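Secondary and tertiary structure notes
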Amino acid sequence: ISNGIAVALTKHTTCSVFFEEFTHDFDKNGNEYLQNDLNNALSKIIPDHTSAETYSYPGPLHYKDVESWPNAEEYLPNGDKSALWNGDAHLKATLLGNSSIFEVENGELSVSKTGYLYFVDFDRTRERTRKVTILIIGD
């Protein structure tokens with residue numbers, strides 16, 4: 001398209017899509033400095049979900065509902081309720097949002113040289129495949 005918008009979004013409730021500066025500096029684990037700063041800031045306001053007492057979520061009705069699903073073992077391996085302790089991931093994703101919108105001008109994304117699109121999955125309870133959708137609208 002020549003002019004319009006591009007939207008990057010995810011349908012996953014523990015994931016975020018956001019626009020931020022690429023910082024060029026990495027720690028010994030390969031994480032960008034700004035990523036470390038974001039992780040540290042989020043951990044101060046939304047601590048990791050490490051016990052059933054950390055957050056109200058998930059409550060007894062949610063556990064009961066998940067136990068009734070045909071693929072319940074995927075969510076509660078061996079009936080382990082701690083596999084659903086991802087309240088922190090839901091809150092972090094809510095805070096950062098699940099989409100970013102960009103202007104398309106003269107066939108190009110209208111972003112700065114250091115502006116990058118980031119996708120993050122905050123859920124550490126189990127490995128899964130995640131997706132981002134790119135929707136383009138314009139002339």
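The coordinates are above.
In this text, all values refer to a predicted model and were calculated from it rather than measured experimentally.

As a further point, take the sheet that holds strand β3 (residues 99-105). Pairing within the open sheet is antiparallel, and its four strands lie in the order β4-β3-β1-β6. What marks the edges here is a single partner per strand, and that holds for β4 (108-109) and β6 (133-138). Bridging between β3 and β4 involves two bridges; their strand directions are antiparallel. Note that in β4 the partner of E105 across the bridge is E108.

This part covers the packing of helix α1 (residues 33-45) against helix α4 (residues 87-96). Where α1 meets α4, the closest approach of the two axes is 11 Å, and the angle between their N-to-C directions is 115°. Seen from above, α1 lies across α4 with right-handed handedness. Contacts from L38, L42 and I45 of α1 reach α4 at K92, L95 and L96.

Moving on to unusual backbone geometry. For the peptide bond that leads from Y57 to P58, omega is -10°, which places it in the cis range. Along the chain, P58 turns up in the loop between α1 and α2 (60-67). Even without being a glycine, H24 presents a positive backbone phi close to 75°. Structurally, the position occupied by H24 is in the loop between β2 (15-21) and α1. At N78, a position not held by glycine, the phi torsion is positive, near 55°. Checked against the element boundaries, N78 lands in the loop between α3 (72-75) and α4. By relative accessible area, which is 75% here, N78 ends up exposed.

Reading the values: the criteria
- Residues numbered from 1 in each chain as written.
- Predicted model: local features only at pLDDT ≥ 70, side-chain atom pairs only at ≥ 80, totals over all residues.
- Heavy atoms only, no water.
- Pairing = 2+ DSSP bridges.
- Helix = DSSP H or I, 4+ residues; strand = E, 2+ residues; numbered from the N terminus.
- Axes fitted to C-alpha atoms, helices over the stretch in contact; angles between N-to-C directions.
- Left-handed = near helix turned anticlockwise from the far one by under 90°.
- Contact = heavy atoms within 4.5 Å.
- Buried < 20%, exposed > 50% of the residue type's maximum accessible area, 1.4 Å probe, protein only.

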